[in-house]
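# A look at the structure
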Amino acid sequence: MTTSLPDTTAEQATAAAPPKQSESPLGRLWHRPEAGALIGTLSVFVFFAIFGGAKFLAPAGAASWLNIGAELGIIAIPVGLLMIAGELDVSVGSVLAGSSMTLAIVSGHWGAPMIVGIVLALGLGLLVGLLNGILVTRTNVPSLVITLATLSGMAGLTLGLSRVTTGTTSVPVNPDPLSKALFGHLIAGQFEVAVFWWLGLAAVVAVVLQAMKYGNWVFAIGGDKESARATGIPVDRVKIALYMASGLGAALVGVIQTILYNGAQVANGQSFVFNSIIAVVVGGVLLTGGYGSVFGIVLGTLTFAIVNQGIYYTGWNSDWASLILGILILAAVLMNNTFRRLALSYKPRTAKKA
């Protein structure tokens, strides 16, 4: 009598084969960290499409919130990266104003070529970001305090130097055709070219954050900077680079606004200080760091811009705009928290073996 041996090769192959996932694409999307931001953006769009009517959906209506979203988004993306790394930057408003006035004074008041003014304006943003980064990494002072000091100091410096140099707080500039085309052109007479700067920046940063080791470093630093340092990640250099990126983003918007509006004022940019943080938080980035995505930041920026402009197309009393904005922002953040918990607890289901 003979006995047959078990087919161990087949059993091993079956054990080694990865289980098939039975989760549908929609189910996986439901557990993505950006799901809350996506639902929030779609909800406010549908809401204002219904109550704002044809004017909101018309090209002019779309341009109103896309233009705001583009300028805010250029600043919000690097600010969001800093927040993922566990830091804050509230100096962006004064950096924007300082860069705007630098360009206007150099190329408008003094008459230097536009390229000179643009380079100096962007260089100012990098310099302030470098200063912020060095102070944050070399001291134990919280980044909020340091960048608040930079915000105030840059505002005073911009105002003082503008009055001493030009005798006024508003300086006109006459940009050349190339500068106008690159930074201040209105596509179809309505859409700012800044929209393309925003989308291009989002695409580049998304690749860096998701497909390169530098992106892993940013998340690791936000999760636990001491552990990240222990694994060999250059924590200080990464933070300094992120602050410089934040300063550059604010300076770029300063350049765009100056060329678009043919002039600059010292009061420019202050609304971006907290609006950028609001957009990032609505997009699902944690204030405590270690969590977020570029796609979420883009959605958060769109949500803020749609709500900010949509209220004026409803015909409702604009005195209630801030209240409605606050309620919708709170609802979006609570929704993001819910979907974040779902994403962190998500384990793909596997198909049962026959």
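Each remark here, short or long, concerns the structure printed above.
Structure report, in brief. (Residues numbered from 1 in each chain as written. Predicted model: local features only at pLDDT ≥ 70, side-chain atom pairs only at ≥ 80, totals over all residues. Heavy atoms only, no water.)

## Re the nonpolar core
For clarity, the threshold we go by: Nonpolar cores were defined as sets of buried Ala, Val, Leu, Ile, Met, Phe, Trp, Tyr and Cys residues, with membership established by side-chain atoms within 4.5 Å. Relative accessible area decides the class of each residue, using a 1.4 Å probe on protein chains only: under 20% of the type maximum gives buried, over 50% gives exposed, and in between gives partly exposed. Segments assigned H or I by DSSP are reported as helices when at least four residues long, segments assigned E as strands when at least two residues long, and all are numbered from the N terminus. Contact definition: two residues touch when any of their heavy atoms are within 4.5 Å.
Ranked by size, the top nonpolar core spans 74 residues in total, and within it I75 and M83 carry the most contacts. No other element matches the 13 residues that helix α4 (residues 59-84) contributes to this core. Discounting chain neighbours no more than four positions away, the residues touching M83 are L88, I277, V280, V281, V285, L286, L287, G289 and G290. Listed in part, the six residues of the second largest apolar core include A104, I105, V171 and A264.

## Comments concerning α4
Test applied: Bend at a residue means the angle formed by two fitted axes: the first through the 7 residues ending at that position, the second through the 7 residues beginning there.
The largest bend in α4 comes to about 35°, at G73. For α4, the tally of buried residues reaches 22 of 26 residues, placing the bulk of the element in the interior.

## A short note on the packing of aromatic side chains
The condition that has to hold: Two rings from Phe, Tyr or Trp (for Trp, the six-membered ring) form a pair when their centres are within 6.5 Å of each other. A pair whose planes differ by under 30 degrees is stacked, one over 60 is edge-to-face, and the rest are tilted.
The tally for this structure, following the rule as stated, stands at nine aromatic pairs. With a centroid separation of 6.2 Å and an interplanar angle of 75°, the aromatic rings of F45 and W65 are classed as edge-to-face. Separated by 20 residues along the polypeptide, F45 in helix α3 (residues 35-57) and W65 in helix α4 bring together distant segments of the chain. Judged by relative accessible area, which is 10%, W65 ranks as buried. Measuring from ring centre to ring centre gives 6.1 Å for F56 and Y313, while their planes differ by 70°; the resulting arrangement is edge-to-face. Linking F56 in helix α3 with Y313 in the loop between α14 (294-310) and α15 (321-344), this pair joins segments that are 257 residues apart in sequence. The exposure class assigned to F56 is buried, which follows from its relative accessible area of 1%. The class for Y313 is partly exposed, based on a relative accessible area of 23%.

## Digging into a nonpolar patch on the surface
We count it as follows: Put simply, a patch holds well-exposed residues, over 30% relative accessible area, that have no salt bridge, with like charges counted together within 9 Å and Val, Leu, Ile, Met, Phe, Trp or Tyr side chains within 5 Å. For the area figures, the Shrake-Rupley method with a 1.4 Å probe applies, and any residue is considered shielded solely by the protein chains shown. Salt bridges are defined as contacts in which a side-chain nitrogen from Lys or Arg sits within 4 Å of a carboxyl oxygen from Asp or Glu.
Residues F45, V46, F47, I50, F51, L57 and W316 make up a contiguous nonpolar surface patch of roughly 650 Å² in combined accessible area. Summarising the element assignment, W316 is placed in the loop between α14 and α15. Overall, the relative accessible area of 37% leaves W316 in the partly exposed class.

## Details of empty space enclosed by the protein
Our working rule: Using only the protein atoms, space was sampled on a 1 Å grid; points where a 1.4 Å probe fits but cannot get out form cavities, open sets with protein on both sides within 12 Å along at least five of seven lines form pockets, and lining residues are those with an atom within 4 Å of a point. Grid points are joined across faces, edges and corners, and a volume is the space filled by probe spheres set on the points.
Per the stated rule, a full pass over the model turns up one cavity of 30 Å³ or more. Lining the largest cavity are V282, T303, F304, V307, L325, L328, I329 and A332. Broken down by secondary-structure element, the contributors of at least two residues to the lining of the largest cavity are α14 and α15. With four residues, α15 is the largest single contributor of residues to the lining of the largest cavity.

## Re the side chain of S94
Turning to its location among the elements, S94 is positioned in helix α5 (residues 92-109). Using a relative accessible area of 1% as the deciding quantity, one classes S94 as buried. If sequence neighbours within four positions are ignored, S94 has contacts with L151, M154, A155, T158 and Q270.

## Let's talk about the packing of α5 against helix α13 (residues 272-282)
Operational definition: Throughout, an axis means a line fitted to C-alpha atoms (over the contacting stretch in the case of helices), and angles, computed between N-to-C directions, take values from 0 to 180 degrees. Here the word oblique covers every angle except those under 35 degrees (roughly parallel), over 145 (roughly antiparallel) and from 65 to 115 (roughly perpendicular). Under the scheme applied, nonpolar residues are Ala, Val, Leu, Ile, Met, Phe, Trp, Tyr, Cys and Pro; charged residues are Asp, Glu, Lys and Arg; polar residues are all the others, including Gly.
It is the contact of α5 with α13, at a shortest axis distance of 7 Å, that shows an interaxial angle of 130°. Here α5 is positioned oblique relative to α13, judged by the angle of their axes. For the pair formed by α5 and α13, the contact residues are V92, G93 and L96 on the first element and F272, V273 and S276 on the second. A breakdown of the residues in the contact of α5 with α13 according to their chemical character gives four nonpolar, two polar and no charged.

## With respect to the layout of surface pockets
It is a probe the size of a water molecule, rolled over the atoms, that shows where empty space is left. Empty space within the largest pocket amounts to approximately 430 Å³. P78, L201, V205, A245 and L248 are, among the 21 residues lining the largest pocket, the residues nearest its centre. Elements that contribute at least two residues to the lining of the largest pocket include exactly α4, α6 (114-138), α9 (194-211), α10 (213-223) and α12 (235-261).

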